[in-house]
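Listed here are the chains, written in short residue letters.
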Amino acid sequence: MVIVRRKDLSLLEKLYLPEIARGLSITFRKLFEKKITRQYPEEPLPTNEVTRGQPRLVVKDDGHIACVSCGMCEIACPAYAITIDGGETDRAIEREPVRFDIDMLRCILCGFCEEACPKDAIYMSNELELADYSRAALVYDMEKLKRPKAALQKRIDYVYRLNNRWRKSSSTR
Amino acid sequence: MTKIIINGREVEADPKEPLIHACHQNGANVPMYCYHPGLSPVGSCRICQVEVKQGNGPARVVVACRTPVVEGMVVDTEAPKAHETRRECLEFLLKNHPLDCPICDKAGECDLQDYAFAEGQGEGRSNEPRRKLDKRKSLGDVIVLDEERCILCSRCVRFTEEITKKPQLAVVDLGSRSTISTFMDRPLQGNYQGNLADVCPVGALTLKAFRFQARVWNLKKSLSTCGECSRGCAITVEVLRRKDVKRFRPRYEPKVNNWWMCDTGRFSSERHNATERLVPAARRGSQGLEIASVERALKQAAEFLSGAVACIGSPFMTIEEAQSFAKLCSQLGAKPAFVSPAPSGLKDDLLNTGDPCPNRRGLLELGFEALSPAASRARIAAAPAALLAGERVLELCERAQLAAIRGPRIATFDTHALEGDACDVAVGIPEQVEKSGHWVNIDGHVGKLTVARAAPAGVQALTRSLDELRALLTSSGVASR
């Protein structure tokens, strides 16, 4: 057992009112200082290219989705959030997804899909908010996931920069 | 048997088989592209090179698929020289092979991909562009050829020459312009085209039906037996997301089908994705067929199944189901029979027997009687009550004509029952890919079925339904005879 002795108060402290005045002076001073709270959600969180938000699909500049539905992200996903069905196209790249669902309730924002993608087609965007009225509405389909490449360009550049740091010079040249 | 040494271990090798066979038998994983155990070896890909030492001679690097086994030969599959040679061969093969793996259907089961990954040389040394060729060349209704991916192993050419004995493919043009083509660009013919996609070691020949349908690592594979004819080819059933049957592929079974299967059987996988199923049972009420519980349906069936009941089974019944059916028949005092449709006309010299009853021999050995669809219907029409059991039994008895029979009360056990079908009670049963059991093929070989996909919730096995019906009949006083 530990006996904690209360601090003996001095006469000034025992008088009570001076201490109240001292406390309120701090309160009033803070009222006029710069505020550090954020009015979320009116004022969104600051994000940058390092922010690992929700995964989004890249739409290339020619208007076609970059994904070829190879299934790498699907198999890399530790939360089984991704479901892909492939289909045929007439373009030079013969394959594209006909269904690309990410169950955002399952997604743990780990970024493995981004790492696994061989086609630069899925990137972690800076979109963080996730709220809706039903579970079904949070299974995002392809149309909800598509983003123009320009919107994700900062993240793409960042990932390339990050990877280049570890890339060894070619052993065969 | 010949004694040879593979990787320092003395092993027995079959002198009739090439060296690569002995290597694979003894755990030495020599890669192979042009060699296929079912086809003659040609040694065109050169990827199976191993180091061989005979007597006092120097160690030489030879292709294992074209080297006969000789007494006392010392084989080292991982010798630095052999390994280096294989690596160089791989580099040449990858020179023109496109980096298509994310798109290619073969990815995941591709020998070239596996070995390239194992070797781990990520970058090529060539500055020349890869060959630009036709990536979507249609070869008939079944196969599509990607010329860029082809490594000219000629397995497909040898398949049409040696297995189907109807040469249709050839390597045309010379040198670096070589491609695979049919003669005069005619479409491929025959009932064995699907095997070309299986023998292709890369993704050059792929099935149109399977094109971009699934990634192979997502497919759950279960061993099974094909039910399209009485040959009963050993197959693997591949199911995507526990739901869609995506592929039937042949499974090596030397007593039945070796490595092959016919297209009729291969593409019968589509039949198992039918959405209309009877879950779990139905009985005829005032509004037509009404969904009911299995228990209720069986109870109603037990009420009218007595006297001279016509018992017609399906040739798709497994041995186990047939035994339950036979027991039920003997309780009802009926002779077990199965409906045996006319030959399909697909009979050929290779595998297809043209007989659409996969378990004919098994049922005949159990004492079943084979009845033509017309004879089956005649027997049903003559009886006051009838019992039809087994997958596709309504279809094989010719639905429309069966429905025209008025009079007998019919209890049906089938995968689905339509409104107009002849049945007072219908009980849903699992499909071929949803049940386990055995079929006996035409030569007496027992083929196994395993559950590749769960039956719809509530649907119980045919054996169980039949046994429960038998118990109900016993309790209601239909004596066991």
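So, how was this worked out
Residues numbered from 1 in each chain as written. Chains lettered and ligands numbered in written order. Predicted model: local features only at pLDDT ≥ 70, side-chain atom pairs only at ≥ 80, totals over all residues. Heavy atoms only, no water. Helix = DSSP H or I, 4+ residues; strand = E, 2+ residues; numbered from the N terminus. Buried < 20%, exposed > 50% of the residue type's maximum accessible area, 1.4 Å probe, protein only. Contact = heavy atoms within 4.5 Å. Areas by Shrake-Rupley, 256 points an atom, 1.4 Å probe, with all protein chains shown as cover. Lys, Arg positive; Asp, Glu negative; His and termini not counted. Charge placed at Lys NZ, Arg CZ, Asp CG, Glu CD. Domains from an automatic or database assignment. Buried area = accessible area lost by both parts, 1.4 Å probe. Salt bridge = Lys/Arg side-chain N within 4 Å of Asp/Glu carboxyl O. Polar contact = N/O pair within 3.5 Å; in protein donor to acceptor, adjacent residues only side chain to side chain. Nonpolar A, V, L, I, M, F, W, Y, C, P; charged D, E, K, R; others polar. Expected span 1.5 Å × (residues − 1). Arc of directions from axis to C-beta. Phe/Tyr/Trp six-rings, centres within 6.5 Å; stacked < 30°, edge-to-face > 60°. Lys NZ or Arg CZ within 6 Å of the ring centre and 35° of its normal. Axes fitted to C-alpha atoms, helices over the stretch in contact; angles between N-to-C directions. Parallel < 35°, antiparallel > 145°, perpendicular 65-115°, else oblique. Left-handed = near helix turned anticlockwise from the far one by under 90°. Pairing = 2+ DSSP bridges. Core = buried A, V, L, I, M, F, W, Y, C linked by side-chain atoms within 4.5 Å.

### Quick word on the overall build of chain B
And step 1. The secondary structure content of chain B amounts to 13 helices and 23 strands.
And step 2. Dimensions of chain B, computed from the C-alpha atoms along their principal axes, are close to 85 × 50 × 35 Å.
And step 3. The 481 residues of chain B split such that 55% are buried.
And step 4. For chain B, the proportion of contacts with a sequence separation of at least 24, taken over those separated by at least 6, is 65%.
And step 5. Carbon and sulfur atoms form 52% of the exposed surface of chain B, whose accessible area is close to 20700 Å².
And step 6. Counting 64 positive and 58 negative side-chain charges, chain B places the averaged centre of each group 1 Å from the other.

### A word on the domain arrangement of chain B
Residue and element names in this part refer to chain B.
And step 1. According to the domain assignment, chain B contains domain 1 (2-94), domain 2 (130-273) and domain 3 (281-438 + 454-475).
And step 2. The distance between the C-alpha centroids of domain 2 and domain 3 comes to 35 Å.
And step 3. Listed per partner, the contact involves 22 residues of domain 2 and 17 residues of domain 3.
And step 4. At the boundary of domain 2 with domain 3, total buried surface from both sides reaches about 1600 Å², with 53% on carbon and sulfur atoms.
And step 5. Of all residues in domain 2, Tyr192, Ser230 and His272 give up the largest surface area on contact with domain 3, accounting jointly for 31% of the area buried on that side.
And step 6. A salt bridge links arginine 271 to glutamate 391; the nearest nitrogen and oxygen atoms lie 4.0 Å apart.
And step 7. In this assembly, domain 2 and domain 3 are joined by nine residue pairs in polar contact (both at pLDDT 80 or more).
And step 8. Across the side of domain 2 that touches domain 3, the residue classes break down as 12 nonpolar, seven polar and three charged.

### Quick word on helix H2 (residues 80-96) of chain B
All names here are of chain B.
And step 1. Taking 1.5 Å of rise per residue, 17 residues should cover 24 Å, and H2 covers 26 Å from first to last C-alpha, within 8% of that figure.
And step 2. When H2 is considered as a whole, its buried residues turn out to be Ala82, Arg86, Cys89, Leu90 and Leu93. Projected down its long axis, H2 carries its buried residues within an arc of 105 degrees, all on one side. H2 presents Pro80 and Phe92 as exposed residues on the side facing more than 90 degrees away from its buried surface.

### Side note on the pattern of salt bridges
And step 1. Evaluation of the coordinates by the stated rule reveals 52 salt bridges over all chains.
And step 2. For Glu127(A), the salt bridge goes to Arg56(A), with nearest N and O atoms at 2.9 Å. A residue pair is termed long-range when its members are at least 10 positions apart, and Glu127(A) in the loop between strand S4 (122-124) and strand S5 (139-140) and Arg56(A) in strand S1 (residues 55-59) qualify at 71 residues.
And step 3. Residue classification places Arg56(A) among the buried positions, given a relative accessible area of 3%.
And step 4. For Lys3(B), the salt bridge is made with Glu12(B), and the minimal N-O distance between the two is 3.8 Å.

### A word on the packing of aromatic side chains
Residue and element names in this part refer to chain B.
And step 1. Counted by the stated rule, this structure contains five aromatic pairs over all chains.
And step 2. With 4.6 Å between their ring centres and 25 degrees between their planes, tyrosine 252 and tryptophan 259 make a pair best called stacked.
And step 3. Each ring, one from tryptophan 259 and one from tryptophan 260, has its centre 5.9 Å from the other, and the planes form 55 degrees; the classification is tilted.
And step 4. One aromatic cluster in this structure is built from Phe159, Tyr252, Trp259 and Trp260.
And step 5. For the cation-ring pair, arginine 247 lies above phenylalanine 210, with the distance from its terminal atom to the ring centre recorded as 4.3 Å.

### Comments concerning the environment of Leu371(B)
Residues and elements named next belong to chain B.
And step 1. Tracing the chain through its elements places leucine 371 in strand S18 (residues 369-371).
And step 2. Judged by its relative accessible area of 9%, leucine 371 falls in the buried class.
And step 3. Once the C-alpha coordinates of leucine 371 and glycine 313 are considered, the two residues, 58 residues apart in sequence, prove to be 9.8 Å apart.
And step 4. Ignoring sequence-local partners within four residues, the contact set of leucine 371 consists of Ile312, Ala337, Phe338, Val339, Ser340, Ser376 and Arg379.

### As for the interface of chain B and chain A
And step 1. Taken together, the 18 residues of chain B in the interface contact 26 residues of chain A.
And step 2. Together chain B and chain A conceal approximately 1700 Å² of surface at their shared face, both sides included; 46% is due to carbon and sulfur atoms.
And step 3. When the buried surface of chain B facing chain A is broken down by residue, Arg136(B), Phe212(B) and Arg241(B) rank first, second and third, together holding 35% of it.
And step 4. If you look at where chain B meets chain A, you find seven salt bridges.

### Focus: the packing of helix H8 (residues 319-332) of chain B against helix H13 (residues 462-475) of chain B
Residue and element names in this part refer to chain B.
And step 1. The geometry of H8 relative to H13 is characterised by a closest axis approach of 9 Å and an angle of 15 degrees between their N-to-C directions. Considered as vectors, H8 and H13 are oriented roughly parallel to each other. Judged by the twist between their axes, the crossing of H8 over H13 is left-handed. Along its contact with H8, which presents Glu320, Glu321, Ser324, Phe325, Lys327, Leu328, Gln331 and Leu332, the element H13 presents Leu462, Thr463, Leu466, Asp467, Leu469, Arg470, Leu473 and Thr474.
And step 2. For the contact of H8 with H13, the residue count by class is seven nonpolar, four polar and five charged.

### Side note on helix H3 (residues 111-119) of chain B
Residues and elements named next belong to chain B.
And step 1. The set of residues buried in H3 consists of Leu112, Tyr115 and Glu119. One side of H3 carries all its buried residues, which in axial view fall inside an arc of 75 degrees. Away from its buried face by more than 90 degrees, H3 exposes Phe117 and Ala118.
And step 2. Taken together, the buried residues of H3 touch H2.
And step 3. Just downstream of H3 lies glycine 120, where phi reads positive at about 70 degrees.

### Points about the environment of Thr164(B)
All names here are of chain B.
And step 1. With respect to the helices and strands, threonine 164 occurs in the loop between helix H4 (155-163) and strand S8 (169-172).
And step 2. On the basis of relative accessible area, threonine 164 is assigned to the buried category, the value being 18%.
And step 3. Along the backbone, threonine 164 and valine 61 are 103 residues apart, and their C-alpha atoms lie at a distance of 34 Å.
And step 4. Excluding residues that lie within four positions of it along the chain, threonine 164 makes contacts with Phe159 and Tyr192.

### Observations regarding the sheet that holds S1(A)
Sheet strands line up and pair through hydrogen bonds in the backbone, either parallel or antiparallel.
Residue and element names in this part refer to chain A.
And step 1. The strand order across the open sheet formed by three strands is S4-S1-S6, and the pairing between neighbours is mixed. If you trace the sheet from one side to the other, it starts and ends with S4 and strand S6 (146-148), each paired once. For this sheet, the mean angle separating the axes of adjacent strands, direction not counted, is 50 degrees.
And step 2. Bridge count for S1 against S6 is three bridges, and the pairing is parallel. The residue bridging leucine 57 from the neighbouring strand is lysine 146, located in S6.

### A closer look at the nonpolar core
Residues and elements named next belong to chain B.
And step 1. By size, the foremost hydrophobic cluster in this structure holds 74 residues, and its most contacted members are Ile4, Leu19, Tyr33 and Ile143.
And step 2. Mapped onto the domain boundaries, this core takes at least three residues apiece from domain 1 (2-94) and domain 2 (130-273).
And step 3. Each residue touching isoleucine 4, except ones within four places of it in the same chain, is listed here: Arg9, Glu10, Val11, Ala13, Leu19, Ala22, Val69, Val70, Gly72 and Met73.

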